[in-house]
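Overview (structure and organization)
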Amino acid sequence: AQSVTQLDSHVSVSEGTPVLLRCNYSSSYSPSLFWYVQHPNKGLQLLLKYTSAATLVKGINGFEAEFKKSETSFHLTKPSAHMSDAAEYFCVVSDQLGGNKLVFGAGTILRVKS
Amino acid sequence: NAGVMQNPRHLVRRRGQEARLRCSPMKGHSHVYWYRQLPEEGLKFMVYLQKENIIDESGMPKERFSAEFPKEGPSILRIQQVVRGDSAAYFCASSRPPTDTQYFGPGTRLTVL
């Protein structure tokens, strides 16, 4: 079965400093992996998607993620945090043998300090 | 180019009442997924539907919950005889094969009094 583990429930950074949100996945085959962001009381917005075309995936708002098969990781990074990045971030794997239903990590709440 | 639409955005029900949540997928999308986000938890898959067919309902509670996606009109998630534990945010997502990218609606926040 597919699963994802987000290693930090909360991350706090200062504005202008780098962001690192960690995610490990478990999959018996080559997975599709996603990062979604959820601002308070809002829906989920797709940040980026990995589908085996390139291991470094660039997303919206300056975010990117690197797929590392040897480490089964898909960490999300951003060089410089902005106040508007404060939100909850979900690492997600697609269960391709299960109708593409998404399996969500528990989420990481990102706090950005001024 | 409208995204996934959900209504109502907020729904308040008393215990024992019925809740109906609606989802209109993005234009051209024929696959709909429902997810539930309980307080302090991540999203959990509930059901996957295509037009007039339930493909996977492995995440649906066995009782009181049902879903449909008719040939015409939105997808409906129906909860009968709601209980306080049903209070959650319910999200709908849609996709268009062969891509597996799902686009989410704004959610319906159900509060059961």
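Within each chain, residues carry numbers counting from 1 in the order of the written sequence. As they are written, the chains are lettered A onward and the ligands numbered 1 onward, keeping that order. For this predicted model, a pLDDT threshold of at least 70 governs which residues receive local features, and a threshold of 80 or more governs which side-chain atom pairs are given and counted, while totals over whole chains, interfaces and linings are taken from all residues. Only hydrogens and water are set aside; all other atoms, that is, all heavy atoms of the structure, feed into the side-chain values.

Helix and strand definitions follow DSSP, with helices as H or I runs of at least four residues and strands as E runs of at least two, each counted in order from the N terminus. Check the secondary structure of chain B and you find zero helices and eleven strands. Starting at the N terminus and walking to the C terminus, you meet the elements of chain B as β-β-β-β-β-β-β-β-β-β-β. Two things to know: the radius of gyration comes from C-alpha atoms, and the globule rule equals 2.2 Å times the number of residues to the power 0.38. On C-alpha atoms alone, chain B measures out to a radius of gyration of 13 Å, which is about the 13 Å that the 2.2 N^0.38 rule sets for 113 residues. Considered along the principal axes of its C-alpha atoms, chain B spans approximately 40 × 25 × 25 Å. Exposure classes here rest on a 1.4 Å probe applied to the protein chains alone. A residue is buried below 20% of its type maximum, exposed above 50%, and partly exposed in between. Of all 113 residues assigned to chain B, the portion counted as buried reaches 46%.

All names here are of chain B. Pairs of cysteine sulfur atoms within 2.5 Å are identified as disulfides in what follows. According to the stated counting rule, one finds two disulfides over all chains in the structure shown. Here Cys-23 connects covalently by a disulfide to Cys-92, the sulfurs 1.7 Å from one another. The sign of the S-S torsion, about -50°, decides the handedness of the disulfide formed by Cys-23 and Cys-92: left-handed. Of the two residues, Cys-23 sits in strand β3 (residues 19-24) while Cys-92 sits in strand β9 (residues 88-95), which places them 69 residues apart along the sequence. Taking relative accessible area as the criterion, Cys-23 reaches 0% and is therefore assigned buried. Look at Cys-92 and you get buried, because its relative accessible area is 0%.

Residue and element names in this part refer to chain B. Between Lys or Arg on one side and Asp or Glu on the other, a salt bridge is scored when a side-chain nitrogen of the former is within 4 Å of a carboxyl oxygen of the latter. Summed over the entire model, instances satisfying the criterion amount to seven salt bridges over all chains. As a salt-bridge pair, Glu-18 and Arg-20 come within 2.8 Å of each other at their nearest N and O atoms. For Arg-20, a relative accessible area of 35% gives the class partly exposed. The partner of Arg-78 in a salt bridge is Glu-18, and the shortest N-O contact between them spans 2.8 Å. Of the two residues, Arg-78 is situated in strand β8 (residues 75-79) and Glu-18 in the loop between β2 (10-13) and β3; the sequence distance between them amounts to 60 residues. The class for Glu-18 is partly exposed, based on a relative accessible area of 29%. Among the charged side chains, a network of salt bridges with common partners joins Glu-18, Arg-20 and Arg-78.

It is worth spelling out unusual backbone geometry at this point. Residue and element names in this part refer to chain B. Between Asn-7 and Pro-8 the backbone carries a cis peptide bond, its omega angle lying at -5°. Despite not being glycine, Arg-64 shows a phi value in the positive range, around 75°. Turning to its location among the elements, Arg-64 is positioned in the loop between β6 (53-56) and β7 (65-68). Look at Arg-64 and you get partly exposed, because its relative accessible area is 25%. Positioned with a positive phi, Gln-81 is a non-glycine residue whose angle comes to about 45°. Taking the relative accessible area as the measure of exposure, Gln-81 reaches 55% and is therefore exposed.

The next point concerns the pairing of β9 of chain B. All names here are of chain B. Of all eight residues in β9, eight are buried; the element is thus mostly enclosed. On β9, burial covers both faces: Ala-88, Tyr-90, Cys-92 and Ser-94 on one face and Ala-89, Phe-91, Ala-93 and Ser-95 on the other are all buried. Strands are labelled as partners when DSSP assigns at least two bridges between them. Note: β9 against strand β10 (residues 103-104), two bridges, orientation antiparallel. Within β10, the residue paired with Ser-94 across the bridge is Tyr-103.

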